[in-house]
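# Report on the structure
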Amino acid sequence: MSRKDTVNSLFMMKLGSPNTTPPEKERERVRTGAVSAMGASLQELTEGARAASRLKEQIASGTVVIDLEPAMVDGSMVNDRLIIDVDPDFQELVASIRESGQQVPILVRPHPEKTERYQVAYGHRRLRAAQHLGIAVKAVVQPLSDNELVIAQGKENLDRKDLSYIEKALFARRLEEKGFDRVTIMAALSTDKADLSRYIAVARMIPESLLNQIGPAPKAGRARWLAMADRLTVADAMDNAEALTGQREFLMADSDGRFIKLFDALAPVAPANASNDRDVVVNGTVKAARLEARRAQTSLVFNNKIVPEFGEYVATQLDQLYIQFLKANRKDKGRN
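About the cut-offs
Residues numbered from 1 in each chain as written. Predicted model: local features only at pLDDT ≥ 70, side-chain atom pairs only at ≥ 80, totals over all residues. Heavy atoms only, no water. Pairing = 2+ DSSP bridges. Helix = DSSP H or I, 4+ residues; strand = E, 2+ residues; numbered from the N terminus. Contact = heavy atoms within 4.5 Å. Axes fitted to C-alpha atoms, helices over the stretch in contact; angles between N-to-C directions. Patch = residues over 30% accessible without salt bridge, like charges linked within 9 Å, V, L, I, M, F, W, Y side chains within 5 Å. Areas by Shrake-Rupley, 256 points an atom, 1.4 Å probe, with all protein chains shown as cover. Salt bridge = Lys/Arg side-chain N within 4 Å of Asp/Glu carboxyl O. Buried < 20%, exposed > 50% of the residue type's maximum accessible area, 1.4 Å probe, protein only. Phe/Tyr/Trp six-rings, centres within 6.5 Å; stacked < 30°, edge-to-face > 60°. 1 Å grid on protein atoms, 1.4 Å probe; cavity = no way out; pocket = protein on both sides within 12 Å on 5 of 7 lines; lining within 4 Å. Points joined across faces, edges and corners; volume = space filled by probe spheres on them. Nonpolar A, V, L, I, M, F, W, Y, C, P; charged D, E, K, R; others polar. pLDDT = per-residue confidence, 0-100.

## Regarding the sheet that holds strand 2 (residues 73–74)
If you trace the five strands from one edge of the open sheet to the other, you get 1-5-3-4-2, paired in mixed fashion. Because the sheet does not close on itself, it has two edges, and the strands there are strand 1 (65–68) and strand 2. Where strand 3 (residues 106–110) lies against strand 4 (residues 118–122), four bridges are found, and the strand directions are antiparallel. Directly across from arginine 109, in strand 4, lies its bridge partner glutamine 119. Contacts between helix 4 (residues 124–133) and the sheet are confined to strand 2, strand 3, strand 4 and strand 5 (137–141), with strand 4 contributing the most and set at about 125° to the helix.

Structure below.
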């Protein structure tokens, strides 16, 4: 073989070397690698979508706690709180969360009217504490109807013994004004018809503007709030109350202190003439109750020894009796 043929042969062998991938096979390898990479990416996306779906299901079922920015959470449709600046209990809550973190999550639902927002069912104080501290709030998200929201709100507050008497009364009144039926309100407050009527009555007797000035006053029960309402019926009482609530000494006091200052500043109602009182007779002879008429209120006091449980029954019929009373009044006015 000539030198030229030998060189040519060596050159051709180099080009056709078995260690060199032919162009067609190289293109096939690139294509296969691209498909494989795309498949891996699609698998990752699928797994991510499944994980997101599982998380969404967990959130919807309320089985997972998530962190939310407080600015994304709106208050409940019915406020159950009376908030004042001087609140030692709230300051203790803030300090506890600052030191140990939020131990109990709040309950929220997806906002029924605003996308990407939530509405709190319970945990308003914890939400406010997180806002105060500038941190995320731990929350459980559940899809709740309006009725389910207010029932959950009321029950959690009762279980935690968090609401004062007047806050429960105001919550009941606000729920009624929002159009919730009494069955739902009773479930929210875990109470019966008679107590619910008393709650609403107390909350209607004292202006809400004044309640906001006094605050929750956790140590004051129904009897003292009724006495407060009674004192507010005296001439110039509201003017005196408004003047007192603007004073620095009043504003520097906590809620119970504010209640006491206002209560002591208002004159008690002078005793009415007991001659206006009378016995209520049933069956012609039985003195079942006594009607005590006062300036601010009229009381019907039942004798439980003579008519046991009758007073409770009458209390459950008050709504219907009041409707009958209004109808009778309208008829009388129509005749005049």
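## Topic: a nonpolar patch on the surface
Together, Tyr322, Phe325 and Leu326 give the surface a local cluster of nonpolar side chains, amounting to about 300 Å² of exposed area. The topology assignment puts tyrosine 322 in helix 15 (residues 318–335).

## Description of the pairing of strand 5
Counting buried residues in strand 5 gives four out of five residues, a clear majority hidden from the surface. Note: strand 1 against strand 5, four bridges, orientation antiparallel. Paired with aspartate 67 across the two strands is lysine 138, which belongs to strand 5. Two elements, strand 3 and strand 5, share three bridges in a ladder whose sense is parallel. Of the residues in strand 5, the one forming a bridge with valine 108 is valine 141.

## Focus on the packing of aromatic side chains
Following the criterion strictly, the structure yields four aromatic pairs and no others. Seen from their ring centres, tryptophan 225 and phenylalanine 259 are 4.8 Å apart, and the 70° between their planes marks the pair as edge-to-face. With a gap of 34 residues between them, tryptophan 225 in helix 10 (residues 222–231) and phenylalanine 259 in helix 13 (residues 255–265) connect regions that are remote in the sequence. Owing to a relative accessible area of 1%, phenylalanine 259 belongs among the buried residues under this scheme. Pairing phenylalanine 259 with phenylalanine 263 gives two aromatic rings, centres 5.9 Å apart and planes at 15°, and the pair type is stacked.

## Considerations on empty space enclosed by the protein
Within the structure shown, the criterion is met by one cavity of 30 Å³ or more. If you add up the space inside the largest cavity, you get close to 50 Å³. Together, Arg182, Met186, Lys193, Leu196, Ser197, Ala315, Thr316, Leu318 and Asp319 line the largest cavity. Those elements giving two or more residues to the lining of the largest cavity turn out to be helix 7 (182–189), helix 8 (193–205), helix 14 (310–316) and helix 15. In terms of residues, the lining of the largest cavity owes the most to one element, helix 8, which gives three residues. When its residues are assigned to classes, the lining of the largest cavity shows four nonpolar, two polar and three charged.

## Let's talk about helix 10
Considered for burial, the residues of helix 10 that qualify are Trp225, Leu226, Met228, Ala229 and Arg231. Elements in contact with the buried residues of helix 10: helix 6 (165–177), helix 8, helix 9 (208–214), helix 11 (237–245) and helix 13.

## Here's the deal with the confidence of the model for the protein chain
Do not read the predicted coordinates in detail wherever pLDDT is low. On average, residues of the protein chain carry a pLDDT of 79, and 73% of them reach 70 or more. In the model, residues 10–19 has pLDDT below 50 throughout and makes one contact with residues more than four positions away in sequence or in other chains.

## Re the layout of surface pockets
Quantified by volume, the largest pocket comes out at close to 1300 Å³. Lining the largest pocket are 28 residues, with Ser197, Arg198, Ala201, Thr298 and Leu318 positioned closest to its centre. Every element with two or more residues in the lining of the largest pocket is listed here: helix 8, helix 10, strand 8 (298–302), helix 14 and helix 15. Sort the elements by how many residues they give to the lining of the largest pocket and helix 8 lands first, with eight residues. Of the residues that constitute the lining of the largest pocket, the class distribution is 15 nonpolar, six polar and seven charged. Looking at the lining of the second largest pocket, the elements that each hand over two or more residues are helix 3 (88–100), helix 4 and helix 13. Grouping the constituent residues of the lining of the second largest pocket by class yields eight nonpolar, two polar and 11 charged.

## Let's talk about the pattern of salt bridges
One pass over the structure, following the stated rule, counts 13 salt bridges. Measuring nitrogen to oxygen at the nearest pair gives 2.5 Å for the salt bridge that ties arginine 198 to aspartate 195. Taken together, the positions of arginine 198 and aspartate 195, both in helix 8 and three residues apart, correspond to about one turn of that helix. For aspartate 195, a relative accessible area of 32% puts it in the partly exposed group. One connected set of salt bridges, linked through shared partners, spans Arg173, Arg174, Glu177 and Glu208.

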